[in-house]
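Working through the structure, step by step
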Amino acid sequence: MTTMARTSTGLAYPDRFYAAASFAGFDGSPNSVNKDIASKFSNEVALILYALYQQATVGPCNVPKPSSWSPVEQGKWKSWQELGNMASTEAMRLFVKILEEEDPGWYSRASNSVEPVRDVPKNNNSNVEPVIENGNSIAETKTISAENGSLMEAQDKDVVSEGLRSVVIYDQWVSPPITGQCPKARYEHGTAVVQDKMYIYGGNHNGRYLSDLHVLDLRSWTWSKVEANIGSKSVELSSPVNIAPCAGHSLIPWENKLLSIAGHTKDSSETIQVKAFDTQTGTWSIWKTYGKAPVSRGGQSVTLVGSTLVIFGGQDANRMLLNDLHILDLETMTWDEFDAVGVPPSPRSDHAAAVHAERYLLIFGGGSHATCFNDLHVLDLQAMEWSRPTQQGEIPTPRAGHAGVTVGENWFIVGGGDNQSGASETVVLNMSTLVWSVVTSVEGRVPLASEGLSLVVGSIDGEDILISFGGYNGRYNNEVNVLNPSHKSTLQSKIMEAHVPDSVSAVHIATNPTRDLESELEVGQEEKIREIGKIREIIMDNTDSEPMKSKGEETIECIIATLKAEKEELESSLNKEKLQALQLKEELTETETRNTDLYKELQSVRGQLAAEQSRCFKLEVDVAELRQKLQTLETLKKELELLQRQKAASEQALTAKQRQGSGVWGWLAGGPPQNGLDA
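Since the structure is predicted, the reported quantities are computational estimates derived from the model, not experimental observations.

This brings us to the sheet that holds strand β17 (residues 308-315). Strand pairing in a sheet takes place through backbone hydrogen bonds and is either antiparallel or parallel in direction. Sheet architecture is open: four strands sit in the order β16-β17-β18-β19, paired in antiparallel fashion. Strands with a single pairing partner mark the edges of an open sheet, and in this sheet they are β16 (301-305) and β19 (334-337). Between one strand axis and the next, the sheet turns through 25 degrees on average, direction left out of account. Pairing analysis gives four bridges linking strand β18 (residues 321-329) to β19, with the strands arranged antiparallel. Paired with Ile327 across the bridge in β19 is Asp336.

Next up on the list: helix α5 (residues 88-102). Two residues of an α-helix separated by three or four positions point the same way, owing to the 3.6 residues in each turn. With 15 residues, α5 extends 21 Å from end C-alpha to end C-alpha; this agrees with the ideal 21 Å at 1.5 Å per step. Along α5, the positions that sit buried rather than exposed are Ala91, Met92, Phe95, Val96, Ile98 and Leu99. Taken end-on, α5 shows its buried residues confined to a sector of 160 degrees, consistent with a single buried face. Seen from the open side of α5, the exposed residues pointing more than 90 degrees away from its buried face are Thr89 and Glu101.

In total, this model carries 13 aromatic pairs according to the counting rule given. For the ring pair Tyr187 and Tyr476, a centre distance of 5.8 Å and an interplane angle of 55 degrees mean the geometry is tilted. Within this pair, whereas Tyr187 is found in the loop between β6 (173-174) and β7 (190-193), its partner Tyr476 is found in the loop between β30 (463-469) and β31 (480-483), the two being separated by 289 residues in sequence. The exposure classification of Tyr187 matches that of Tyr476, with both residues buried. Taken together, the ring pairs in this structure connect Phe17, Tyr18, Phe26, Tyr53 and Phe95 into an aromatic cluster.

Each value, and the rule that gives it
Per chain, residues are indexed from 1 in the order of the written sequence. pLDDT decides what is reported in this predicted model: residues at 70 or higher carry local features, side-chain atom pairs at 80 or more are listed and counted, and totals for whole chains, interfaces and linings draw on all residues regardless. Note that the side-chain values use all heavy atoms of the structure and ignore hydrogens as well as water. Paired strands, in this sense, are two strands between which DSSP finds at least two bridges. Secondary structure elements are taken from DSSP: a helix is a run of H or I of four residues or more, a strand is a run of E of two residues or more, and numbering for both begins at the N terminus. Lines fitted to the C-alpha atoms define the axes, with helices restricted to the stretch that makes contact. Angles between their N-to-C directions range from 0 to 180 degrees. Multiplying 1.5 Å by the residue count of a helix minus one yields the expected span of that helix. Summary of the burial criterion: residues with accessible area below 20% of their type's maximum are buried, those above 50% are exposed, and those between are partly exposed, where the area comes from a 1.4 Å probe applied to protein chains only. Directions pointing from the helix axis toward each C-beta atom define the arc. Note on aromatic pairs: the rings of Phe, Tyr and Trp (six-membered ring only in Trp) are paired at centre separations within 6.5 Å, and the planes decide the class, stacked below 30 degrees, edge-to-face beyond 60, tilted for the rest.

Pasting the structure below:
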């Protein structure tokens, strides 16, 4: 059934709201209404816009009432508090509506275009064609229905190619104008970006492992196949090696090389191999490693932390799921296995991993043979301790085979699926607050709702973009899709830091371990001193008579007295904070000492356990020997019984013969007479 709907050729929500917020002068700071906003609108309108902006980006007001004497801060908090539980979408629309009432031509000046509104037929199977204006030329990008298997296709490739660089299309997946020969469709491949080039290596197609290498130039969006050479096995061994096809591996950029870690192969080795492709010489080689290498596997996560690789989980060649933790030092090429304290994630494969603040390893989702997960685990790489913090916001559904990348403190997750369907939402986790939100959604069996797809971060004109490739959702894909994440996720993360939920305070405090109270107080006092100076200038400029001057001086003296009293109060609070900080340091030292003692005790228990295990092994050997002797005794017993039966039978036969030889015939035969027989 076809209906009529009002539509606009401009931005849709939420992009229209963020464009309006940017035009109004909101820079994402939760602390103040800046001068541009105050100059554009009256105080009342500015406060309303501030409250609606906070409600739309953060949600209902949960921050405590400010203790500052500033009436502006009090007014901002009150305006936000009065909105109650208003929905985010409603706050966005009210924000735009008020802006249009105050400044009807804001969008024209913001985009240098006039936005006509027209009636168009709305149908479930129809294509919506938004017009995006870029200078004097108009490029139409068409959103294809989900059944067609793609998200956005270009009517004019040249214009859209230019659009990827200059026309901002935030938080929507689009298909760039690709040229060159595309790689074969696949999933469970490896992808990495080196110097504005995206490399694709290996993967799985129709159950066959691949070993081809392709590169996509992100400046021209052109595919080309790399004819790789076979190099040496290592620095010490110069014999040539064969690079076996693989899938389920991890491709990590390191300097000017691509490191292929682990993965399933037809003839798998016993331990993980590290293959390296030199992008400058175009040669493959296998690097020699030291230490105890992990068992070979696929579907693991490999995370680059500084100059080390952290490997977790996966599935070995015997389909056994793993949850072990190994670290490879890329400078010494030495393996180490770690037993972290706490409860690790359950054994799994096809999960996603990311590192935050070069210290915290995050593990999300994955699957076992029977189920998929949506749990989140955090490993403190300094304390080597697992934890499972509480997730906030729109928690993603269970999934495996998804892909993730980090942009700043935001972790974007795309694709994956459970045993029934693919995951349609592109979600983002703020790693400081552990709050999930949905960036966008797709419909139908499209590559972005596939398992085994890849996701990397590229750059266009200094702006980060997400690039996905491949995947499997009933068919193998080789499509490239691009998403330009808007700045709203960064703004939300900054705003959310103002009131972190208690359930994630541990991670938040860990990522922000110190707080310079003195500098905060000094900054606050400097701002107030500058305000006094401004007040003094205003009074001096607007006073023409001596009575007004004395009145102004009295006002300044009152403010100074107030500030002195507040300064004394702040200094008292600072001293209390210093004392509390000192107490916390002492408690931290005691805790570290206890942890050291517990660790020593743990090592001692482990030593005792090893000794007990050795003793148990010896006992098991003794038991096996005794069992063998017992079996021998049982055999001898059976042979003895057999001999006894044979002896009894022989005795019976002998007795019978003696009876036959007795009597007259026995006497005739010369035998002795039978006892009791008369002669």
